[in-house]
Structures are given as structure tokens and as C-alpha cells.
Amino acid sequence: AELAELAFTIITHPSVFISENVLAAYVDFAVYFRQLSNLPAAFALYAKKPYFRPGSSTPSKTYPILPKYAVPDEIASKALDAAVSAKYMELALDIIDTTYGAPAYRWNKIVRKAAPAGAAALLSPAAIHILAQQAAKYQDVVDQDLAAKYAFAGLLAYLGFTVSIGLVALTTANDQMERVTWLVGTPLSRRWLYEDERAAYDRLAQGWGFKDPNMRGFEEGPEWELLREYVTGKSMILDNPALMEGME
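The shown structure was predicted, so the numbers you read here are calculated from the model rather than taken from an experiment.

## Points about the overall build of the protein chain
Thinking step 1. A count of helices and strands for the protein chain gives 10 helices and two strands.
Thinking step 2. When the helices and strands of the protein chain are read in sequence order from the N terminus, they spell out α-α-α-α-α-α-α-β-α-α-α-β.
Thinking step 3. Relative to the 2.2 N^0.38 estimate, which gives 18 Å for 248 residues, the radius of gyration of the protein chain is 25 Å and therefore markedly larger than a compact globule would have.
Thinking step 4. Only carbon and sulfur atoms are counted for the fraction: they give 62% of the accessible area of the protein chain, which is about 14,700 Å².
Thinking step 5. Counting 23 positive and 28 negative side-chain charges, the protein chain places the averaged centre of each group 7 Å from the other.

Shown next as C-alpha cells:
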């Protein structure tokens, strides 16, 4: 316990910059010694902690929502697994809040996954226009310019339809959900953006509750009710009766 407190004191020192490697080392240390109570604070400090550069008396500015301050998945996962193994519900919820539920994590997801798709969408009309012009050369039924316009319209409509169907399939997929699912009517954009957070609550529910599928829904106690209230406030539902064994 003293070593864990010492490690936390070190990373909270004003002169210490918490890099990804430092955070990973602290989490490994805390998990190894099973001193987990300060993990949420460490994750919060990773994004918010100002520090004094050597020789400077002015603390550096921090912008907690920047994508670079998202806690890496492997670090968050290790901390969550440790909290679940320790059967510490409030700690597990705090860990999810400061990792998968942090604004920086969502911005990081947008930059990594949505931004490339958005760039491709912006560039696709130009690519389709070039393709349509080339395709128009292989016919002599109508004027080449008119054929290129028809080809452009058709290809763009096909691409738009196909992408729309793909997006709907991506955002409505539910095979990965076990115990924590989305409430009916949750916007597709929210489902996609918060899916990692939902999956973390799902892992928590599966790790905490009964392993027998037939016993699901019979869990009780203040900690289980806390989890239920927590996910409900996130537009999610714990153990939707319509999706439980024998209720289809």
C-alpha cells in the first residue's frame, strides 16, 4: 500500500508529466499490488494535469478534450478488468467514466475512424467524375458529355445508396451486445460514438453478475442497482427482458 501511494505521489507531483508510458507503468504497478483506488484519479490527471516545465514557474495549459489525451484501450481494459476482479463496482464505474466515457476518447474515435471516412466521402465525387468520363468513351449511342453526366449520376447514386446501407448496418449491429443494450430510439450517431462505453458496461455486467444465462436478471443488491441506474442514464438498458433467454 505504501509503495502504491508513493507511486501516485510521484505522478501527481507538479513537475512530472504523465505520458502514455508513465500512465501504463502506474496502472501495471497498481494492478500488480491491487491498489486500485487511485486509478480514476490517475486517468483524470492524464488529461487535465498541468505541470511545470524545468526552469519555468508557469504551469502548462491543458485541453482535456484533445484526442491525444484519450486513455489507450489496453490501459483502460487492464484497469477495468482489475476492478471487476476485485468486485469494486463504484471503482469500475469511475474507471469507465474517466476512460471510455471521457470526451477525449470520443474525439479520438472521431479522428481515427470518422475523419478518414469523411475525407473519402469528400473526394469520392471527383473520383466518380473521372471514372464517368472514362466510361463514357466506351459508347457511341449518345453524346459523350451527356453519357458522362448519366454515368456520374448513376455511380454517385449507387455509391450513396451502398454507403447508407453500410452505415445503417454498422450502427444498428447488436450481435456484440450481451447484457447492456441500447434503449429503443437511441440515435444511430450516439450508438456509434458511445459504443465502446456501452461495451465496457457490458463487460462489467458480465463480470459482476451470474455466469449462468438462465440466472440473469436475478442479481440484486445496491451495487447492482447502481449499475442499472447508471446505464439507464446513458440511454442504455441492463438486461432488457425482451432479449433475455426464453423471452424471445
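## Some details on helix H10 (residues 222-232)
Thinking step 1. Within H10, the full set of buried residues consists of Trp224, Leu227 and Val231. Taken end-on, H10 shows its buried residues confined to a sector of 55 degrees, consistent with a single buried face. Set apart from the buried face of H10 by more than 90 degrees, the exposed residues are Pro222 and Glu229.
Thinking step 2. Buried-residue contacts for H10 involve helix H5 (89-98), strand S1 (180-182), helix H9 (195-208) and strand S2 (236-238).

## Concerning the confidence of the model for the protein chain
Thinking step 1. For the protein chain, the mean per-residue pLDDT works out to 87, and 95% of the residues sit at or above 70.
Thinking step 2. Put simply, helix H7 (residues 144-172) is where the protein chain has its lowest mean pLDDT, 83, and H5 is where it has its highest, 96.

## Remarks on the packing of aromatic side chains
Here the distance between the centres and the angle between the planes together describe a pair of aromatic rings.
Thinking step 1. Throughout the structure, instances matching the rule amount to six aromatic pairs.
Thinking step 2. Where Phe29 meets Phe33, the ring centres are 4.6 Å apart and the plane angle is 45 degrees; that geometry is what we call tilted.
Thinking step 3. Phe29 sits in the partly exposed class, given a relative accessible area of 26%.
Thinking step 4. By relative accessible area, which is 34% here, Phe33 ends up partly exposed.
Thinking step 5. Pairing Tyr32 with Phe33 gives two aromatic rings, centres 5.0 Å apart and planes at 85 degrees, and the pair type is edge-to-face.
Thinking step 6. Residue classification places Tyr32 among the exposed residues on the basis of a relative accessible area of 66%.
Thinking step 7. Within the aromatic cluster, the residues linked to one another by ring pairs are Phe29, Tyr32 and Phe33.

## Some thoughts on the side chain of Lys109
Thinking step 1. Inspection of the secondary structure puts Lys109 in helix H6 (residues 103-136).
Thinking step 2. Apart from the residues within four sequence positions on either side, Lys109 is in contact with Ala114, Trp192, Leu193, Glu195 and Asp196.

## What to know about empty space enclosed by the protein
Thinking step 1. Evaluated as defined, the whole model comprises one cavity of 30 Å³ or more.
Thinking step 2. Within this model, the largest cavity holds a volume of roughly 40 Å³.
Thinking step 3. Lining the largest cavity are Ala4, Glu5, Tyr26, Gln35, Ser37 and Asn38.
Thinking step 4. Partitioning the lining of the largest cavity into residue classes produces two nonpolar, three polar and one charged.

## Regarding the environment of Tyr138
Thinking step 1. Note that Tyr138 resides in the loop between H6 and H7.
Thinking step 2. Under the relative-accessibility criterion, Tyr138 is labelled exposed at 74%.
Thinking step 3. Counting along the chain gives 23 residues from Tyr138 to Ala115, while the straight-line C-alpha distance between them is 35 Å.

## Focus on the packing of H6 against H7
Thinking step 1. In the contact formed by H6 and H7, the axes pass within 8 Å of each other and the chain directions differ by 135 degrees. In terms of orientation, H6 lies oblique with respect to H7. Where H6 crosses over H7, the two elements pack in a sense that is right-handed. The segment H6 lies against H7, with Ser124, Pro125, Ile128, His129, Leu131, Ala132, Gln133 and Ala136 engaging Gln144, Ala147, Ala148, Ala151, Phe152, Leu155, Leu156 and Leu159.
Thinking step 2. Residue composition of the contact of H6 with H7, by class: 12 nonpolar, four polar and no charged.

## So, the pattern of salt bridges
Thinking step 1. Per the stated rule, a full pass over the model turns up 10 salt bridges.
Thinking step 2. The network of salt bridges with common partners includes Asp97, Glu197 and Lys234.

## Overview of the nonpolar core
Thinking step 1. By size, the foremost hydrophobic cluster in this structure holds 48 residues, and its most contacted members are Leu23, Leu39, Phe43, Leu204 and Leu227.
Thinking step 2. In terms of residue count, helix H4 (residues 73-85) provides more of this core than any other element does, seven residues in total.
Thinking step 3. Excluding anything up to four places from it in sequence, Leu23 contacts Ile18, Ala42, Phe43, Tyr46, Val71 and Ile75.

Definitions and cut-offs
- Residues numbered from 1 in each chain as written.
- Predicted model: local features only at pLDDT ≥ 70, side-chain atom pairs only at ≥ 80, totals over all residues.
- Heavy atoms only, no water.
- Helix = DSSP H or I, 4+ residues; strand = E, 2+ residues; numbered from the N terminus.
- Rg over C-alpha atoms; globule rule 2.2 N^0.38 Å.
- Areas by Shrake-Rupley, 256 points an atom, 1.4 Å probe, with all protein chains shown as cover.
- Lys, Arg positive; Asp, Glu negative; His and termini not counted.
- Charge placed at Lys NZ, Arg CZ, Asp CG, Glu CD.
- Buried < 20%, exposed > 50% of the residue type's maximum accessible area, 1.4 Å probe, protein only.
- Arc of directions from axis to C-beta.
- Contact = heavy atoms within 4.5 Å.
- pLDDT = per-residue confidence, 0-100.
- Phe/Tyr/Trp six-rings, centres within 6.5 Å; stacked < 30°, edge-to-face > 60°.
- 1 Å grid on protein atoms, 1.4 Å probe; cavity = no way out; pocket = protein on both sides within 12 Å on 5 of 7 lines; lining within 4 Å.
- Points joined across faces, edges and corners; volume = space filled by probe spheres on them.
- Nonpolar A, V, L, I, M, F, W, Y, C, P; charged D, E, K, R; others polar.
- Axes fitted to C-alpha atoms, helices over the stretch in contact; angles between N-to-C directions.
- Parallel < 35°, antiparallel > 145°, perpendicular 65-115°, else oblique.
- Left-handed = near helix turned anticlockwise from the far one by under 90°.
- Salt bridge = Lys/Arg side-chain N within 4 Å of Asp/Glu carboxyl O.
- Core = buried A, V, L, I, M, F, W, Y, C linked by side-chain atoms within 4.5 Å.

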